[in-house]
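Structural description and commentary
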Amino acid sequence: MKFLKKTAGLILILSVIFSARGTYGRDVTDLTAKSYILMESSTGRVLLEGNADTPLPPASITKIMTLLLIMEDIESGKISYDDMVTASERAKSMGGSTIFLEAGERMSVHDLLKGIVVASANDASVAMAEHLEGSVEAFVERMNKRATELGMTNTQFKNTNGLPAEGHEMSARDIAIVSNELLKHKDILNFTLIWTDSLRDGAFQLANTNRLIRFYEGANGLKTGSTDEAGCCISASAERDGMQLIAVVMGSPTSNDRFEDAKALLDYGYSNYNLWYGPDRETSVGHIKVRKGSAETVAYLPESNMYALVRRSETGREELEVETEEFVTAPLKKGDAVGVIKCLLNGEVIAETKLVAASDVERIGFWQLQKKMLGFLLRIK
């Protein structure tokens, strides 16, 4: 028998006039980009897209994957920010945007990351690739493998930095996917939010190539790119009121166009959507009875954080529904499913996840059970 609990609460979602025009005046129906996509981070929902699966040269947007692999290695303990990296002749030979590494020069992982993120340094990308995998080729192989793992079906990497190379391509959707994965590593914001900084004890000045960081409310990343072949590109991220958006723009004709396109996309998202937050996976939302267990009840909590993206034009009644059996039988392991929790807006499910046991409950033997029952009988006399 299913046991249904309802927790009702009113959430007023303010009505607004549906708008396609951003604060800065550019209409999302009149973007200059060859390809674009707007994604909400926590749900992965795509809000707008155009030619989003077309493979195009990504220029320095490539470095988002390079940065992801670096951050993964830092968080796994393979390397640290303080590790020193020795630049090679190959790193020195890179053209385009650089921090002018000399062969044999030693620089920390932390400073090389600054160079890659803030100055889009091609030489720093090569130096890190060689440091992590021994060669650029081995690192590129790892980049492509990670792309496959993330479901990036229209991506092929030929280098670590995005300099023109035949067959080096990404789609806007794939860029949004890898951008979203990079944003899970919160330390990256320590670099993407830098506006100006320096290297070599102040001798080399850095200025962020992403001007949205200073001039767009909530902007927190992520990477620009431009070559004659790729045009002007950006993966622009911003967070307002807990909602993280990612706007990818590829092939805009000018640098100003890419920023205006990105702002129009982000404005569209913030003007038309709210992010609803439900219980998180660390919060107990109830208890269920346990039969034949060392405990009489066990707490349950959502298996994953609950989010839902809702149009601002929608208003109504929001309810949480918890569905469980009346009891479960021991033994029970932490994380075992015991039910389902749903969020409904005007009767329609907008978010759903499993409910799982918050702790282990051991099964007790026959004599322990008899003793427990005797204790219960004595208490009720």
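In what follows, the structure referred to is the one given above.
Report on the accompanying structure. (Residues numbered from 1 in each chain as written. Predicted model: local features only at pLDDT ≥ 70, side-chain atom pairs only at ≥ 80, totals over all residues. Heavy atoms only, no water.)

As for its position among the elements, Ser252 is in strand S10 (residues 243-252). Within the local environment of Ser252, its side chain forms a polar contact with the side chain of Thr32, the two groups lying 3.3 Å apart. With residues up to four places along the chain from it excluded, the contact list for Ser252 reads Thr32, Ala33, Gly231, Cys232, Asp257, Arg258 and Asp261. (Helix = DSSP H or I, 4+ residues; strand = E, 2+ residues; numbered from the N terminus. Polar contact = N/O pair within 3.5 Å; in protein donor to acceptor, adjacent residues only side chain to side chain. Contact = heavy atoms within 4.5 Å.)

On to the pattern of salt bridges, then. It is possible for side chains of opposite charge to pair when their charged atoms get near one another. The final tally for this structure, using the stated rule, is 17 salt bridges. Across the pair Asp111 and Lys114 runs a salt bridge, and its minimum N-O distance is 4.0 Å. Taken together, the residues Asp111 and Lys114, both in helix H3 (residues 109-119) and 3 residues apart, mark about one turn of the helix. Judged by its relative accessible area of 23%, Asp111 is partly exposed. Note on Lys114: relative accessible area 8%, which makes it buried. (Salt bridge = Lys/Arg side-chain N within 4 Å of Asp/Glu carboxyl O. Buried < 20%, exposed > 50% of the residue type's maximum accessible area, 1.4 Å probe, protein only.)

The next thing to look at is the nonpolar core. By size, the foremost hydrophobic cluster in this structure holds 65 residues, and its most contacted members are Met65, Ile99, Leu112, Leu113 and Met128. Ranked by residue count, the leading element in this core is helix H1 (residues 63-76), at 8 residues. Sequence-distant contacts of Ile99, defined by excluding residues within four places in its chain, comprise Met107, Leu112, Gly115, Ala119, Ala121, Asp123, Ala124, Leu199, Arg200, Phe204 and Leu206. Grouped together as the second largest cluster of nonpolar side chains are 28 residues, Leu47, Ile234, Val249 and Tyr270 included. (Core = buried A, V, L, I, M, F, W, Y, C linked by side-chain atoms within 4.5 Å.)

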